[in-house]
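Residue-level structural notes
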Amino acid sequence: MARAEDYIDLDWEDLLPVGQTPVPSALPDVKPHDEGTQLSSQQPASSGVRTDWNGKVVRLPGYVIPIEYTGTGVTAFILAPFVGACIHVPPPPANQLIFVTTSKPYEIDGLFEPVNVIGMFGVSSLSTHLADIGYALSADRIEPYRA
């Protein structure tokens, strides 16, 4: 079994098919919550996923969008490349979102705090009420992001 210390550092661009342009990291087109349009309907189409890291232990920074809680800790969430994705702005393409699960609930400080997630990575095809997701990661460790 791989240890969490033996990981491959990934950037969000590493998840894009060759030649695809990265999503801007700024908050484009911020939408008010009461606008009435579901943001998931504005998600751009994904141009595919990469399988290079299937079954590998990776580390990737991002922002937590909680899906499931146990007590006050989050046990399932979407990892997004920029703050506000899926909540205040339309989600990025599926190949820029990762569904993360963890057996140890992570006590989240807020939606605007970046984290590093380390764990087993793979391609996935999942649809939630917030967005379609192209990857999955079973987290061994979640920690505050440090540049």
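Each value, and the rule that gives it
- Residues numbered from 1 in each chain as written.
- Predicted model: local features only at pLDDT ≥ 70, side-chain atom pairs only at ≥ 80, totals over all residues.
- Heavy atoms only, no water.
- Helix = DSSP H or I, 4+ residues; strand = E, 2+ residues; numbered from the N terminus.
- Contact = heavy atoms within 4.5 Å.
- Areas by Shrake-Rupley, 256 points an atom, 1.4 Å probe, with all protein chains shown as cover.
- Polar contact = N/O pair within 3.5 Å; in protein donor to acceptor, adjacent residues only side chain to side chain.
- Salt bridge = Lys/Arg side-chain N within 4 Å of Asp/Glu carboxyl O.
- Pairing = 2+ DSSP bridges.
- Buried < 20%, exposed > 50% of the residue type's maximum accessible area, 1.4 Å probe, protein only.
- pLDDT = per-residue confidence, 0-100.
- Core = buried A, V, L, I, M, F, W, Y, C linked by side-chain atoms within 4.5 Å.

1. Remarks on the overall build of the protein
Scanning the protein from N- to C-terminus turns up 0 helices and 6 strands. Partitioning the contacts of the protein with sequence separation of at least 6, the portion at a separation of at least 24 is 72%. When the accessible surface of the protein is split by element, carbon and sulfur atoms take 51% of a total near 7700 Å².

2. Thoughts on the side chain of Asn-95
Turning to its location among the elements, Asn-95 is positioned in the loop between β3 (73-80) and β4 (98-107). Within the local environment of Asn-95, its side chain forms a polar contact with the backbone oxygen of Gly-48, the two atoms lying 2.8 Å apart. Aside from chain neighbours lying at most four places away, what touches Asn-95 is Leu-15, Leu-16, Pro-17, Gln-20, Ser-46, Ser-47, Gly-48, Val-49 and Tyr-135.

3. Structural notes on the pattern of salt bridges
Pairing is possible between side chains that carry opposite charge, provided their charged atoms lie close to one another. Per the stated rule, a full pass over the model turns up 3 salt bridges. Across the pair Glu-143 and Arg-141 runs a salt bridge, and its minimum N-O distance is 3.0 Å.

4. Quick notes on the pairing of strand β6 (residues 132-144)
Inspection of the sheet shows β4 paired to β6 by 5 bridges, in the parallel sense. Bridging from a neighbouring strand, Thr-102 pairs with Ala-139 of β6. As paired strands, strand β5 (residues 114-127) and β6 are joined by 11 bridges and run antiparallel to one another. If you follow Leu-126 over to β6, its bridge partner there is Ile-133.

5. Describing the side chain of Arg-50
Looking at the secondary structure, you find Arg-50 in the loop between β1 (8-9) and β2 (57-70). Within polar-contact distance, the side chain of Arg-50 engages the backbone oxygen of Asp-14 at 3.3 Å. For Arg-50, the side chain forms a polar contact with the side chain of Asp-52, separated by 3.1 Å. With residues up to four places along the chain from it excluded, the contact list for Arg-50 reads Glu-13, Asp-14, Leu-15, Leu-16, Pro-17, Val-123 and Tyr-135.

6. Some remarks on the environment of Asp-132
Of note, Asp-132 is situated in strand β6. Look at Asp-132 and you get partly exposed, because its relative accessible area is 38%. Residues in contact with Asp-132, not counting those within four places in the same chain, are Gln-43, Ala-94, Leu-97, Leu-126 and Ser-127. A distance of 2.7 Å separates a polar atom in the side chain of Asp-132 from a polar atom in the side chain of Ser-127.

7. A closer look at the confidence of the model for the protein
Of the residues in the protein, 80% reach a pLDDT of 70 or more, and the chain-wide mean stands at 83. Confidence drops under pLDDT 50 across residues 25-37; counting only partners more than four residues distant or on other chains, this segment forms 19 contacts.

8. Re the nonpolar core
Among the nonpolar cores identified, the biggest contains 20 residues, and Leu-79, Ile-98 and Val-117 are the most heavily contacted of them. Elements supplying a minimum of two residues to this core: β2, β3, β4, β5 and β6. Counting residues per element, this core draws most heavily on β6, which supplies 4 residues. Each residue touching Ile-98, except ones within four places of it in the same chain, is listed here: Trp-12, Leu-15, Leu-60, Phe-77, Ile-78, Leu-79, Phe-121, Ile-133, Tyr-135, Ala-136 and Leu-137.

9. Regarding the environment of Gln-96
Inspection of the secondary structure assignment puts Gln-96 in the loop between β3 and β4. Residue class for Gln-96 comes out buried when judged on its relative accessible area of 2%. C-alpha of Gln-96 to C-alpha of Glu-13: the two residues are 83 residues apart in sequence and 8.5 Å apart in space. There is a polar contact of 3.1 Å between the side chain of Gln-96 and the backbone oxygen of Trp-12.

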